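This is what each chain is made of:
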Amino acid sequence: MRFRMPTMDYAKARETMVEQQVRPWDVLDVRVLDALATLPREAFVNETHRALAYSDLELPIGHGEKMMKPVLEGRALQALEIDAGDRVLEIGSGSGFLAACLGRLAREVVGIERHADLAEAARARLQTQSIANVRIETADAFSWEGDGQFDAICVSGAVSAIPERFLRWLRPGGRLFAVQGVSPVMDAVLVRADVNGTRTQSLFETDLAYLAGAAPAPKFDF
């Protein structure tokens, strides 16, 4: 008699993730919760980690990179206050899941991902989910020439400090979410582009892997 593994109820796991992980972290925006409750996160996870798609964990996606925890994704989406008419940029698209969530909230999303295989896989997943308003470009954020300005920018990897080039991509009134500082205690922030410059609001403490090229310079003790 062959033992058959039980089939996982992803819909139930998705509901549990929203109600027991994301909502208790003060993510109360109805549109954000709806996106997280309806998008199949397991479809954006490597098959070997699919059973963990709704766990409170960072999941590896290749090249040493990881998907953010669901709670951090929820807080980022809520902080950006995305309107249905917004044009959004995601820096470091990885698996494509957060880009998909942004696509549910915004008019148009441009995602940039430096690894060609990850970018290609993200495009395929988005196409499978019939998400047509998200475009993934294969590019490095520190050499990308840009594609106009955006109402909101989500930086999906940590930076030691927010690069000036990222801020130039914000429209007046635009918002940028990023995690900055030095691991293991980093600061999640929301930057707003006002008429008189930018102002930064500290949101909460967390820890996140750095974007390639965005880690602090190593310190040498003599």
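Overview of the structure. Computed from a prediction, not measured in an experiment: that's the story for all the values here. (Residues numbered from 1 in each chain as written. Predicted model: local features only at pLDDT ≥ 70, side-chain atom pairs only at ≥ 80, totals over all residues. Heavy atoms only, no water.)

## What about the overall build of the protein?
Piece 1. For the protein, the helix and strand inventory stands at 6 helices and 9 strands.
Piece 2. Counting only C-alpha atoms and orienting by the principal axes, one finds that the protein spans roughly 70 × 50 × 35 Å.
Piece 3. The buried share of the protein, reckoned over its 222 residues, is 48%.
Piece 4. For the protein, restricting intrachain contacts to residue pairs at least 6 apart in sequence, the fraction spanning at least 24 positions comes to 54%.
Piece 5. For the protein, the accessible surface area stands at approximately 11,400 Å², while carbon and sulfur atoms represent 51% of it.
Piece 6. Both charge centroids of the protein, one from 25 positive and one from 31 negative side chains, sit 3 Å from each other. (Helix = DSSP H or I, 4+ residues; strand = E, 2+ residues; numbered from the N terminus. Buried < 20%, exposed > 50% of the residue type's maximum accessible area, 1.4 Å probe, protein only. Contact = heavy atoms within 4.5 Å. Areas by Shrake-Rupley, 256 points an atom, 1.4 Å probe, with all protein chains shown as cover. Lys, Arg positive; Asp, Glu negative; His and termini not counted. Charge placed at Lys NZ, Arg CZ, Asp CG, Glu CD.)

## Focus: the nonpolar core
Piece 1. In this structure, Leu36, Leu77, Leu80, Ile82, Leu102 and Phe177 are the most contacted members of the largest nonpolar core, which totals 50 residues.
Piece 2. By residue number, the principal contributor to this core is helix α4 (residues 97-105), which donates 7 residues.
Piece 3. Beyond its immediate sequence surroundings of up to four residues, Leu80 is in contact with Leu102, Ala152, Ile153, Cys154, Arg175, Leu176, Phe177 and Leu190.
Piece 4. Counting residues in each nonpolar core, the second largest holds 23 residues, with Ile112, Ala139, Ile153 and Val155 among its members. (Core = buried A, V, L, I, M, F, W, Y, C linked by side-chain atoms within 4.5 Å.)

## Some words on the packing of helix α1 (residues 10-22) against helix α3 (residues 70-79)
Piece 1. Packing of α1 against α3 brings their axes to within 10 Å, and their N-to-C directions diverge by 75°. In terms of their interaxial angle, α1 and α3 are classed as roughly perpendicular. For the pair α1 and α3, contact is made by Met17, Gln21 and Val22 and by Pro70, Val71 and Gly74, respectively.
Piece 2. Grouping the amino acids of the contact of α1 with α3 by side-chain chemistry returns 4 nonpolar, 2 polar and no charged. (Axes fitted to C-alpha atoms, helices over the stretch in contact; angles between N-to-C directions. Parallel < 35°, antiparallel > 145°, perpendicular 65-115°, else oblique. Nonpolar A, V, L, I, M, F, W, Y, C, P; charged D, E, K, R; others polar.)

## Let's talk about the state of the cysteines
Piece 1. Per the counting criterion, the structure on display carries 0 disulfides.
Piece 2. Cys154 provides the cysteine sulfur closest to Cys101, a residue in no disulfide bond, and the two sulfurs are 10 Å apart.
Piece 3. Given the relative accessible area of 0%, Cys101 is considered buried.
Piece 4. Residue class for Cys154 comes out buried when judged on its relative accessible area of 1%. (Disulfide = S-S within 2.5 Å.)

Geometric descriptors of this kind do not, in isolation, establish any biological role.
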